[in-house]
Amino acid sequence: MLIVKKFGGTSVGNRDRIFNVANRCIEDYKNGNDVVVVLSAMGKYTDVLIDMAKEINPNPPKREMDMILTTGEQQSVALMSMAMASLGVPAVSLNAYQVAMHTTSVYSNARIKRIDTERIRNELEQHKIVIVTGFQGVNKFDDYTTLGRGGSDTTAVAIAAALHADKCEIYTDVDGVYTADPRKVPGARKLDQVTYDEMLELATLGAGVLHNRSVELAKKYGVRLVVRSSLNNNEGTVVREGTKMEKMIVSGVAADTDAARVAVIGLKDEPGVAFKLFNALAKQNINIDMILQSIGRHGKKDISFTCTDEDADLAKQIIEDQMEFEEIDVDKGVSKVSIVGAGMQTNAGVAAKMFEALYDANINIRMISTSEIRVTVLINEKNTERAMNAIHDKFNLGNE
């Protein structure tokens with residue numbers, strides 16, 4: 001059996017945890033399995049590198065940021081290989097260049113194009129545990145790129161897909177996927193199984209357990225995902241397609257505080273205005289989520305949308321440079337709270353129940369967005385945890 005195992009930063013945060021991970025991997029290896037391990041940078045080391053860079057240059061070039069950030073994972077894979085060697089098990093560490101993990105050229109948010117598997121397969125044939133840097137790749141210029149925060153999950157799934165691995169285990173500091181963040185909602189419970197679609201929505205909406213692009217890849221290539229804790233041997237959450245999912249209308253509540261609302265007031269009410277606005281933002285790789293357009297009056301209309309906090313100021317600048325309008329307002333004090341569940345598409349009244357929970361908690365809704373398996377509301381950020389708990393209680397998600 002070929003197993004890909006990914007461990008996050010907290011799982012390799014110090015010497016004891018490195019040896020804990022080493023022993024877990026060696027256990028699978030000694031049971032006759034081929035093992036590929038993908039690692040993030042140790043602990044909060046990526047944040048340390050970001051702080052170091054910004055001490056030198058508050059607005060560093062993205063290429064150079066990728067150059068420095070990739071050193072974090074190289075450190076952790078080398079130390080892990082050393083740990084395994086000290087335990088008498090052959091292992092080899094490989095960075096993105098040595099693997100030949102080809103990506104697009106968008107620094108800080110690259111996408112994997114293909115993986116050359118020859119080096120990994122050669123090392124596995126020599127009965128070594130292969131330890132690969134997560135979060136990074138190499139573009140057509142032979143420059144290092146990074147895949148965005150959480151990108152090690154995507155590295156692991158991409159390798160599992162390329163190698164046709166039997167399963168891909170994602171280890172984190174929680175026991176699996178919960179109905180809500182257990183640090184914010186004390187009554188949250190772990191799910192035994194969840195569908196790819198539900199997990200993709202939860203990951204995209206701020207659940208934080210898995211990188212959303214990793215779930216996209218897993219669904220596309222049918223990679224069996226298991227989310228488990230690196231700190232104990234508890235069974236985790238299986239992410240897969242299937243009909244034997246838990247029969248819940250709503251599977252979970254997620255929140256994303258990395259949101260900003262941009263309101264553009266007094267745009268011309270004529271064809272092509274929305275296209276011009278969002279095309280200008282797309283050209284600068286600004287991802288837009290929720291969109292609200294008002295009814296046109298007196299030849300004018302308003303458009304509001306959400307983006308990340310980081311992109312909000314750039315979005316404002318682009319709009320000021322390229323659009324005609326009366327007023328623009330940016331609010332970074334907002335968050336998105338969402339409910340997700342495959343059962344929602346066949347059950348009426350789910351959104352109304354969510355809105356009732358927020359009404360009972362005296363929380364105002366600023367924008368609403370829906371899909372077949374999701375309802376998202378924009379609220380004031382200060383109300384985030386209270387909203388999550390109110391919704392979680394209303395749907396009784398803490399009970400089997």
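The structure displayed is predicted, hence computed values, not measured ones.

Digging into the overall build of the protein chain
Alright, step 1. Within the protein chain, the secondary structure is distributed over 12 helices and 18 strands.
Alright, step 2. Computed over the C-alpha atoms, the radius of gyration of the protein chain is 22 Å, within 12% of the 21 Å expected from 2.2 N^0.38 for a compact globule of 400 residues.
Alright, step 3. Expressed as a percentage of the 400 residues in the protein chain, the buried residues total 51%.
Alright, step 4. Long-range contacts, defined here as pairs at least 24 residues apart, represent 75% of the contacts in the protein chain between residues at least 6 apart.
Alright, step 5. Just so you have it, the protein chain exposes about 18,800 Å², and 47% of that area is on carbon and sulfur atoms.
Alright, step 6. Considering the protein chain, the positive charge centre built from 47 side chains and the negative charge centre built from 54 side chains are found 2 Å apart.

What to know about the environment of Ala85
Alright, step 1. The residue Ala85 is located in helix H3 (residues 62-86) in this model.
Alright, step 2. On the basis of relative accessibility, which here comes to 51%, the residue Ala85 falls in the exposed class.
Alright, step 3. Between the C-alpha atoms of Ala85 and Asp16, which are 69 residues apart in sequence, the distance is 15 Å.

Concerning the pairing of strand E2 (residues 34-39)
Two faces belong to every sheet, and in a regular strand the side chains alternate between them.
Alright, step 1. Counting buried positions along E2 yields five of six residues, so the element is predominantly enclosed.
Alright, step 2. Both strand E1 (residues 2-7) and E2 contribute to a ladder of six bridges, which runs parallel. When the sheet's bridge partners are listed, Lys5 is paired in E2 with Val37.
Alright, step 3. Running through helix H1 (residues 15-30), the crossover from E1 to the neighbouring parallel element E2 is right-handed.

So, the side chain of His392
Alright, step 1. Mapping His392 onto the fold places it in helix H12 (residues 384-394).
Alright, step 2. The buried category is assigned to His392, whose relative accessible area is 2%.

Notes on the packing of helix H9 (residues 273-282) against helix H10 (residues 309-322)
Alright, step 1. At their nearest, the axes of H9 and H10 sit 10 Å apart, and the two run at 130° to each other. By the angle between their axes, H9 is oblique relative to H10. Taken as a pair, H9 and H10 cross one another with a handedness that is right-handed. Side by side, H9 and H10 meet where Lys276, Leu277, Ala280 and Leu281 of the first sit next to Ala315, Ile318, Ile319 and Gln322 of the second.

Re the sheet that holds strand E6 (residues 129-133)
Alright, step 1. Reading across from one edge, E3-E6-E2-E1-E9-E11-E12-E10 is the order of the eight strands in this open sheet, with mixed pairing throughout. With one partner strand each, in any of the chains shown, strand E3 (91-94) and strand E10 (193-194) form the two edges of the open sheet.
Alright, step 2. Of the pairings in the sheet, the one linking strand E9 (residues 167-172) to strand E11 (residues 225-229) comprises five bridges and is parallel in character. Paired with Glu169 across the two strands is Val226, which belongs to E11.

Observations regarding the environment of Val340
Alright, step 1. Position of Val340 relative to the elements: it lies in strand E16 (residues 327-340).
Alright, step 2. For Val340, a relative accessible area of 0% translates into the label buried.
Alright, step 3. Sequence separation between Val340 and Met199 is 141 residues, and the spatial gap between their C-alpha atoms is 8.6 Å.
Alright, step 4. With residues near it in sequence (within four places) discarded, Val340 still touches Glu198, Glu201, Leu202, Leu205, Val250, Ser251, Gly252 and Ile373.

Looking at the sheet that holds strand E17 (residues 367-371)
Alright, step 1. Taken together, six strands build an open sheet; the order of strands is E14-E15-E13-E16-E18-E17 and the sheet is antiparallel. Pairing within the sheet leaves two strands with one partner each, and these edge strands are strand E14 (291-293) and E17. Strand after strand, the sheet turns through a mean of 25° between neighbouring axes, direction not considered.

Quick word on the packing of H1 against H3
Alright, step 1. In the contact formed by H1 and H3, the axes pass within 9 Å of each other and the chain directions differ by 65°. Judged by the sense of rotation from one axis to the other, the crossing of H1 with H3 is right-handed. On the side of H1, the interface is formed by Ile18, Phe19, Val21, Ala22, Cys25 and Ile26, while H3 contributes Leu79, Met80, Ala83, Met84 and Ser86.
Alright, step 2. Of the residues that constitute the contact of H1 with H3, the class distribution is 10 nonpolar, one polar and no charged.

Reading guide: rules and limits
- Residues numbered from 1 in each chain as written.
- Predicted model: local features only at pLDDT ≥ 70, side-chain atom pairs only at ≥ 80, totals over all residues.
- Heavy atoms only, no water.
- Helix = DSSP H or I, 4+ residues; strand = E, 2+ residues; numbered from the N terminus.
- Rg over C-alpha atoms; globule rule 2.2 N^0.38 Å.
- Buried < 20%, exposed > 50% of the residue type's maximum accessible area, 1.4 Å probe, protein only.
- Contact = heavy atoms within 4.5 Å.
- Areas by Shrake-Rupley, 256 points an atom, 1.4 Å probe, with all protein chains shown as cover.
- Lys, Arg positive; Asp, Glu negative; His and termini not counted.
- Charge placed at Lys NZ, Arg CZ, Asp CG, Glu CD.
- Pairing = 2+ DSSP bridges.
- Right-handed = clockwise from strand over helix to strand, strands pointing away.
- Axes fitted to C-alpha atoms, helices over the stretch in contact; angles between N-to-C directions.
- Parallel < 35°, antiparallel > 145°, perpendicular 65-115°, else oblique.
- Left-handed = near helix turned anticlockwise from the far one by under 90°.
- Nonpolar A, V, L, I, M, F, W, Y, C, P; charged D, E, K, R; others polar.

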